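Structural overview for review
Chain residues, written in single-letter form:
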Amino acid sequence: MRRITIDPITRLEGHGKIEIFLDERGNVKEAYLQTPELRGLGVLKSSVSEGRQRICRS
Amino acid sequence: MAKLKFAFYWAASCGGCEIAVLDINEKILDVLEIAEILFWPVALDTKYQDVKKYKDNHLDVTFFNGSIRNSEQEEMAHLLRKKSKILVAFGSCANEGCIPGLANLFTREAILERIYKTTDSTHNPEGILPAEEWEGLTLPKFYEEVKPLNRVISVDYYLPGCPPPTGLIISAVDNIAKGSLPEKGTVLAPVKALCEECERNTEEAKKMTDVKRIIETAIDPKRCFLQQGIICMGPATRSGCNARCLKANWPCTGCMGPTPEVEDKGAKMISAIGSILKVDEEKILTEEELSKLIDKIKDPVGTFYMYSLPASIINKKKGV
């Protein structure tokens, strides 16, 4: 089975990787979009965000 | 003269540093006069495999933004270090960990649990968490903590800011072009504290008579924030930002990093607040009154260590 890896995907904001698996005839069998980055900011709940007016500057 | 070879990379960041590069506007054309950009995922289609094929030191300068949150980012840091003659930690995340670093207040397990299972917008009844390996696919290892760049590789220069101010980016590029960079390890920003370039009235003696949040008061654009009861990180933070927040009537939150003599910016700032808050009345205030006053500082870690938690002495949640 052939495998095509596109790493990283580019010209967009953020991190991404694409993996494509082809069958014997060269047709796409499976395709996956992966997001290798997690910053973990979602955990910053009220204990931290209270009093913050802004968390991201961009 | 052959053009210099530049690379830009991002690790755990928000993308604002990439925008800061574009914020140098037409100056980008001067950059392209002296340099070609070989690797810059947001703008160019160069793959990791291409970078791996470069000879060692093939790149003259890599500007690396973002902190180190997972194994892929650490691998890219090592790879780019090997391929670059000069490596610049670009922006607050790479310098000190920045906002993503506040997640160090939580364990890895608590972060994954919250994000993939319990947020209001999550529907994950089977409780599936990302796997590092699955059906031949791999994901990077999500680390226990966020690290600044210099905890995983050696860094030659530091360009602070969230994002770095355009003036400092331009001057860094000019110095690279002229071959007039200072000694390695230098922070490419002025050594003075922001207070010293603040245009607000500093004639009055610095005293805080109360602690207020910015939404609780109308701010006089001519007076020092601290004198108005608003915590401003100016005394412990480097200048070089042209006081951009202060000019917009917003207190300094400390993105430019500490001045050179300060080891721990948050501790320095807490000490500064301690020496000016209700200083005239400290002998007559009861412990209870003092503690009520201190309780008005909402979110002390997020205030004093908003950008520097991973680089600080307290660093991360301990004892779990």
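Residues numbered from 1 in each chain as written. Chains lettered and ligands numbered in written order. Predicted model: local features only at pLDDT ≥ 70, side-chain atom pairs only at ≥ 80, totals over all residues.

**Remarks on the overall build of chain B**
As a reminder, the rule being used: Here a strand is any run of E in DSSP of at least two residues, a helix any run of H or I of at least four, and the numbering for each starts at the N terminus. Between the two quantities, the radius of gyration covers C-alpha atoms and the globule rule is 2.2 Å times the number of residues to the power 0.38. Counting other C-beta atoms within 10 Å of a residue's C-beta gives its exposure: the residue is buried at 20 or more, exposed at 12 or fewer, and partly exposed in between, where C-beta atoms are placed from the backbone. Think of it this way: build a C-beta for each residue from its backbone, and any pair within 7 Å is a contact.
Per the secondary structure count, chain B includes eleven helices and nine strands. A globule of 320 residues ought to have a C-alpha radius of gyration of about 20 Å, and chain B, at 22 Å, matches this closely. Buried residues in chain B amount to 41% of all 320 residues. Looking at chain B alone, contacts between residues at least 24 apart form 75% of all its contacts between residues at least 6 apart.

**Brief notes about the confidence of the model for chain B**
Put simply, the rule reads: Each residue carries a pLDDT score, the predictor's own confidence in it, on a scale running from 0 to 100.
On average, residues of chain B score 93 in pLDDT, and 99% of them are at 70 or above. The complex prediction reports pTM at 0.93, with the ipTM value standing at 0.85.

**Some words on the environment of Met208 of chain B**
Residues and elements named next belong to chain B. Inspection of the secondary structure puts Met208 in the loop between helix H7 (166–178) and helix H8 (244–247). Given 22 C-beta atoms within 10 Å, Met208 falls into the buried group. Put simply, Met208 and Gly229 are 21 residues apart on the chain and 5.5 Å apart in space, counted from C-alpha to C-alpha. Excluding its chain neighbours within four sequence positions, the residues that come into contact with Met208 are Leu226, Gln227, Gly229, Ile273, Ile276 and Leu277.

**A closer look at helix H9 (residues 265–276) of chain B**
All names here are of chain B. Put simply, the rule reads: For a helix, the expected span equals 1.5 Å multiplied by the residue count minus one. To obtain the arc, one takes the directions from the helix axis to the C-beta atoms.
Taking 1.5 Å per residue as the helical rise, H9 with its twelve residues ought to reach 16 Å, and the 17 Å between its terminal C-alpha atoms agrees with that figure. Where H9 is concerned, the buried positions are Lys265, Gly266, Lys268, Met269 and Ala272. All buried residues of H9 project into a common sector of 160° when viewed along the axis, lining one side. In this structure, the buried side of H9 is in contact with helix H11 (300–304). Trailing H9 by a residue or two, Lys278 shows a phi angle of about 50°, which is positive.

**With respect to the sheet that holds strand E2 (residues 17–22) of chain A**
Residues and elements named next belong to chain A. Worth spelling out the cut-off: When DSSP finds at least two bridges between two strands, those strands are taken to pair. Axes, fitted as lines to C-alpha atoms, cover a helix only where it is in contact. Angles between the N-to-C directions of the axes lie from 0 to 180 degrees.
Read from one edge to the other, the open sheet built from three strands follows the order E1-E2-E3, with strand pairing classed as antiparallel. One side of each edge strand has no neighbouring strand; the edge strands of this open sheet are strand E1 (2–6) and strand E3 (28–34). Strand-to-strand twist in this sheet, taken as the mean axis angle between neighbours without regard to direction, amounts to 10°. Pairing of E1 with E2 involves five bridges; the strand directions are antiparallel. From the neighbouring strand, Arg3 faces E2, where its bridge partner is Phe21.

**Some details on the nonpolar core**
Note the threshold: Note on definitions: a nonpolar core is a set of buried residues drawn from Ala, Val, Leu, Ile, Met, Phe, Trp, Tyr and Cys, linked by C-beta atoms within 7 Å.
Core analysis: the biggest nonpolar cluster contains 77 residues, and Tyr9, Phe64, Val88, Ala89, Phe90, Leu159 and Leu188 of chain B have the highest contact counts within it. Setting aside chain neighbours within four positions, we find Phe64 of chain B in contact with Tyr9, Ala77, Leu80, Leu87, Val88, Ala89, Phe90, Ala94 and Leu149 of chain B.

**A look at the sheet that holds strand E3 (residues 59–65) of chain B**
Paired through their backbone hydrogen bonds, the strands of a sheet run either parallel or antiparallel. Residues and elements named next belong to chain B. Read across the sheet, five strands follow the order E2-E1-E3-E5-E9 without closing on themselves; strand pairing throughout is parallel. For this open sheet the edge positions go to strand E2 (35–39) and strand E9 (157–159), each flanked by a neighbour on one side alone. Between one strand axis and the next, the sheet turns through 30° on average, direction left out of account. Pairing geometry for strand E5 (residues 84–90) and E9, over three bridges, is parallel.

**Let's talk about the pairing of E2 of chain A**
Residues and elements named next belong to chain A. By the bridge criterion, six bridges tie E2 to E3 in an arrangement that is antiparallel. Its bridge partner lying in E3, Ile20 is registered against Ala31. Count of turn residues in the E2/E3 antiparallel hairpin: five residues, of which Gly26 carries a positive phi of about 85°.

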